[in-house]
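Now for the letters of each chain:
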Amino acid sequence: MTAISVRETIPAQLTAAPPARPRLLLIGTALASAATIMLMSGLLGIYLKTRADVIATGEQWLPSGVVIPLTQPNMMAVTLVLSILIMVWAVGSIGRDDRPNTYIALGLVLVMGVAYIAQTAFLLSLMDLGAADDSKAPLIYAVIGTHLAIVGAAMLYVGVIALRTLAGNYGSKDREGVYGAALFWYVTVALYMAVWYAVYITK
Amino acid sequence: MALTETASPETRPDSDPSGADPTDSEQSSGLVSATTAAPANSIDAVLGSGDHKTIGRLWIGFGSLFLTAGIVMSLVAQLELVDLDSFAIAKDQDQLTQIWSIGRDLTLFGGIVPILVGIATFLVPLQVGAASIAFARGAAAAFWSWLVGSGILILSYIMNGGPGGGRFDYVILWILALGVVVVSLLWALICVATTVLGARATGMSLEDVPATTWGFFVFAIGSLLALPVLLAELVLAYLDTKYGFLPTQADRTVLVSIANSVNLVPAIYWIAVPALGMLVDVISVHTKRTARSHKVILAVLALYGFVAYGAEMLSFAWRGRPIAFDNALLVAATLFAVVPVILVLALAGPSLGKGRAKLTTPLVAALASGLLLLAGSLAALLGLVDPFLGFIEELSGDRIDYSFDLFGTSFHEGIRALVLGSVILAIISGIHHWAIKIFGRSLDNRVGLLATIAVAGGAVLWGAANIVAAFLDQPALPELDSAPQSGVEILNVLSVIGAGLMAIAVGLLLLNLLAAVAGRVGSSAEPWRGLTLEWATASPPIAGNFEEPPIVSSPTPLAGNSEAQL
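These notes cover the structure that comes with them. Just so we're clear, the structure is a prediction, and the values are computed from it rather than from any experiment. (Residues numbered from 1 in each chain as written. Chains lettered and ligands numbered in written order. Predicted model: local features only at pLDDT ≥ 70, side-chain atom pairs only at ≥ 80, totals over all residues. Heavy atoms only, no water.)

### Some thoughts on the overall build of chain A
So, point 1. Assigned secondary structure in chain A consists of six helices and zero strands.
So, point 2. For chain A, the N- to C-terminal ordering of α and β elements is α-α-α-α-α-α.
So, point 3. Looking at chain A residue by residue over its 203 residues, the buried ones come to 46%.
So, point 4. Sequence-distant contacts, at least 24 apart, represent 80% of the contacts inside chain A between residues at least 6 apart. (Helix = DSSP H or I, 4+ residues; strand = E, 2+ residues; numbered from the N terminus. Buried < 20%, exposed > 50% of the residue type's maximum accessible area, 1.4 Å probe, protein only. Contact = heavy atoms within 4.5 Å.)

### Focus: unusual backbone geometry
The phi angle of most residues is negative, glycine excepted, and most peptide bonds adopt the trans form.
All names here are of chain B.
So, point 1. For the bond from Ser539 to Pro540, the omega torsion is -5 degrees, close enough to zero to count as cis.
So, point 2. Look at Asn160: it is not a glycine, yet its phi comes out positive at around 70 degrees.
So, point 3. By the secondary structure assignment, Asn160 is in the loop between helix H5 (136-158) and helix H6 (168-198).
So, point 4. Taking relative accessible area as the criterion, Asn160 reaches 29% and is therefore assigned partly exposed.
So, point 5. Positive phi, close to 65 degrees, is recorded for Asp473, a residue that is not glycine.

### Concerning the packing of aromatic side chains
So, point 1. Using the criterion set out here, one finds 13 aromatic pairs over all chains in the structure.
So, point 2. Judged by centre distance (5.3 Å) and plane angle (80 degrees), the ring pair of A:Tyr116 and A:Tyr192 falls under edge-to-face. In this pair, A:Tyr116 sits in helix H4 (residues 99-127) while A:Tyr192 sits in helix H6 (residues 176-201), placing the two residues 76 residues apart along the sequence. Side by side, A:Tyr116 and A:Tyr192 carry an identical accessibility label, which is buried.
So, point 3. Cluster of aromatic residues (ring-pair linked, three or more members): B:Trp59, B:Phe62, B:Phe66, B:Phe143, B:Trp144 and B:Trp146. (Phe/Tyr/Trp six-rings, centres within 6.5 Å; stacked < 30°, edge-to-face > 60°.)

### Comments concerning helix H4 (residues 93-127) of chain B
All names here are of chain B.
So, point 1. For H4, spanning 35 residues, the distance from its first C-alpha to its last is 48 Å, which sits close to the expected 51 Å at 1.5 Å a residue.
So, point 2. Its axis deflected by about 30 degrees at Pro114, H4 carries its strongest bend there.
So, point 3. The element H4 is extensively covered by neighbouring structure, given that 34 of its 35 residues are classed as buried.
So, point 4. Of the residues flanking the start of H4, the one acting as N-cap is Asp92, its side-chain oxygen 3.3 Å from the backbone nitrogen of Asp94. (Expected span 1.5 Å × (residues − 1). Bend = angle between axes of the 7 residues up to and from the residue. Polar contact = N/O pair within 3.5 Å; in protein donor to acceptor, adjacent residues only side chain to side chain.)

### Considerations on the nonpolar core
Residue and element names in this part refer to chain B.
So, point 1. The biggest cluster of nonpolar side chains holds 227 residues, and the ones touching the most others in it are Phe109, Trp270, Ile271 and Ile431.
So, point 2. No other element matches the 17 residues that helix H7 (residues 211-242) contributes to this core.
So, point 3. In contact with Phe109, other than residues within four places in its own chain, are Pro114, Trp146, Leu178, Val181, Val182, Leu185, Leu227, Leu230, Val262 and Trp270.
So, point 4. Residues Ala77, Trp100, Val256 and Leu477 belong to the second largest nonpolar core, which totals eight residues. (Core = buried A, V, L, I, M, F, W, Y, C linked by side-chain atoms within 4.5 Å.)

### Considering the environment of B:Met73
All names here are of chain B.
So, point 1. With respect to the element layout, Met73 can be found in helix H3 (residues 52-82).
So, point 2. It is 8.8 Å that separates the C-alpha atoms of Met73 and Ser101, two residues lying 28 residues apart in sequence.
So, point 3. Once residues lying within four places of it in the same chain are set aside, the contact partners of Met73 are Ile99, Ile102 and Gly103.

### Focus on the pattern of salt bridges
So, point 1. Applying the stated criterion to the full structure yields nine salt bridges over all chains.
So, point 2. A:Lys49 is the salt-bridge partner of A:Asp53, the closest N and O atoms lying 2.9 Å from each other. Residue A:Asp53 and its partner A:Lys49 are both found in helix H2 (residues 24-56); the two are separated by four residues, about one turn of the helix.
So, point 3. The exposure class assigned to A:Asp53 is partly exposed, which follows from its relative accessible area of 40%.
So, point 4. Across the pair B:Glu413 and B:Arg104 runs a salt bridge whose closest N-O atoms are separated by 2.4 Å. (Salt bridge = Lys/Arg side-chain N within 4 Å of Asp/Glu carboxyl O.)

### A look at the environment of B:His432
Residue and element names in this part refer to chain B.
So, point 1. Tracing the sequence through the fold places His432 in helix H15 (residues 411-433).
So, point 2. A residue is classified by how much of its surface remains accessible, and His432, at 5% relative accessible area, is buried.
So, point 3. His432 sits twelve residues away from Asp444 along the chain, and the two C-alpha atoms are 8.4 Å apart.
So, point 4. Here His432 is in contact with Thr361, Pro362, Leu443, Asp444, Gly448, Asn512 and Trp528, once residues within four sequence places are set aside.

### Considering the environment of B:Glu547
So, point 1. Residue placement: B:Glu547 occurs in the segment after helix H18 (488-517).
So, point 2. Separated by ten residues in sequence, B:Glu547 and B:Thr537 have C-alpha atoms that sit 8.3 Å apart.

### Topic: the packing of H2(A) against H6(A)
Residue and element names in this part refer to chain A.
So, point 1. Orientation of H2 relative to H6, taken along the N-to-C sense of each, is 10 degrees, at an axis distance of 9 Å. One element, H2, and the other, H6, form an angle in the roughly parallel class. On the side of H2, the interface is formed by Leu24, Leu25, Leu26, Thr29, Ala30, Ser33, Thr36, Ile37, Met40, Leu44, Tyr47 and Leu48, while H6 contributes Glu176, Gly177, Tyr179, Gly180, Leu183, Phe184, Val187, Leu191, Ala194, Val195, Ala198 and Val199.
So, point 2. Within the contact of H2 with H6, the residues separate by chemical class into 18 nonpolar, five polar and one charged. (Axes fitted to C-alpha atoms, helices over the stretch in contact; angles between N-to-C directions. Parallel < 35°, antiparallel > 145°, perpendicular 65-115°, else oblique. Nonpolar A, V, L, I, M, F, W, Y, C, P; charged D, E, K, R; others polar.)

### Examining helix H9 (residues 272-286) of chain B
So, point 1. When the terminal C-alpha atoms of H9(B) are compared, their 21 Å separation across 15 residues agrees well with the 21 Å that a helix rising 1.5 Å per residue should span.
So, point 2. In the segment just after H9(B), B:Lys288 is the residue with positive phi, at about 55 degrees.

### Details of the packing of H4(B) against H15(B)
Residue and element names in this part refer to chain B.
So, point 1. Axis separation between H4 and H15 bottoms out at 11 Å; the angle between their running directions is 30 degrees. As far as their axial angle goes, H15 and H4 are roughly parallel. By crossing handedness, the relation of H4 to H15 is classed as left-handed. Between H4, through Trp100, Arg104, Thr107, Ile112, Ile115, Leu116 and Ile119, and H15, the contact on the second element is made entirely by Glu413, Arg416, Leu420, Val423, Ile424, Ile427 and Ile431.
So, point 2. Classifying every residue of the contact of H4 with H15 gives ten nonpolar, one polar and three charged. (Left-handed = near helix turned anticlockwise from the far one by under 90°.)

This is how it looks when you write it as structure tokens:
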């Protein structure tokens, strides 16, 4: 089959349509999300393997005297699931150029993030597990602490996007920043669900 | 017929680092081109630059410097091994471990990977027809944070930290610094991968990107999936060490194994993925004949990446466990890694026979790189004998009297030397090939050929000596208190000569780069032209790379241009 030259097929007087706007922020966020998922997967993989090895020797996984209550982890899960719904509200609002609702929704997501961090701090105080008390403690803190750091990064991302939205950078014709922040937030919540099951539920 | 709507390169002005301001749409999309208000050649123009070309040059320059230092430190560690009965250079075993470890850290995370990232940062936007790299300021921040992280990494060793280190705080600092280095490299690779995915020229589908760009894309995606697992190990090592559960001196092998897992077969193949991509493009240009089956080459490179990165993730998480049938994926990866190398050489090779080849540094280095990688991959198969015999033993139920357990010996060190040699040769090939674009001048061909011969010879000596020494039970991590078998010492002398040759070669590359930047060698005339988009712009490229956004319809957009190849 003979390829046809563009010059031969498009009349000279027609100007080419502008190329589609690249969604670089969204692509970059997706790649960063993939890396974040692998980071947590690596940690959880090491956690579960170590836990299985300890249990196989007949020992208990959690050091004696350490109790993980279920109320706080479950409330944290509910908080983060709720934040997903609020993030969906933000994405929908920016699509309708409804800025007040977008600001409220992004602000609420940040409040949910703060609530999650506060609940985690409370849970850790209830667990009363000193990092230097037992060789398993650093592993537990590595998983919980890394997820906290990821939540912090996601809140920073949402905060920056909220400020940029406030400055008028995003609207119905360009929602990429809000999409990107929402994607990273969803990944953060999904990762908590893995931590919730692996650390708090299975204990 | 392929078509580009770019203006003739001859009409283009020279590169201007203080180019025009980016438009709002460019800024918001992350495609900000080279823009600083500072005058050209000032320190401000370098330190504050978001131009991917400047950032790429910085990666390459500092990477070459650290690579030289890394190989010299490896040479020092090898030198110590020559006399196995006493300490000549290091004070004790811990110091020897530190010298050995810093050599490996600097070679890989300070040298090889940053240089590859530098070539990708410079070249990928040009090859895909983009005005700049995605998230240009992010790419700049990634470089500076890597530089700071690498500096702290070296400082931690100097202050008696790192694996084998005696000062607790600086062992912790080493873990943190390595973490910063890994995060910075990931950050830079996100910029590269995003550019390939989202900033390609109109008409360029993903299967039309040049082999070099594809190799870097696979490298970036694979690293994004694999290096975070190393990061997870570092997070854990940090907490374990900080709270006293990971002894630093009493059992130095734990920290060593975390950082060293990437150096083991088959995980070490991850750095060879972009090398294979560059090899294909360089051979095509220098034989004036494009490689057959572009899409098949891309598929094979992706397969190679899949094998290497899968193995890498497993190696990180398993802290360098041996290749055995209880982790059969590593066995499969070691076995199948040979296939893509052979396929790429087979597809690129006919260009050599049917084309009009000249003995230039890029071509000779590319061919030597491919052959060395093949040799390394084939030699690595020796590591499968032990698990294979173990499998037969398990199946038959009869005990087989064999001794092929190479884990913990210098076997992996030998394969690593061959793969490192291959990648350094690919880097020499690539830098010589694109020197006119990167530095505005070609490099000295004779110095390049000398460096090529030195790397090839050095890698063969270093690699072969270590592989043979492995059968005489030489340990991977040098241990001076172990009683060596006779014959090991002469092999260690050969190994030292090999490491020395490689150090000289990398030093020659660095001198050649500096001489080109200073205008002392080479010429500003284009020595050759390729068929991919980077050859459609001036040398060095103008601010914004192209006067008009290019439109392409084939993997070789300049093929219709009779002046494409000189």
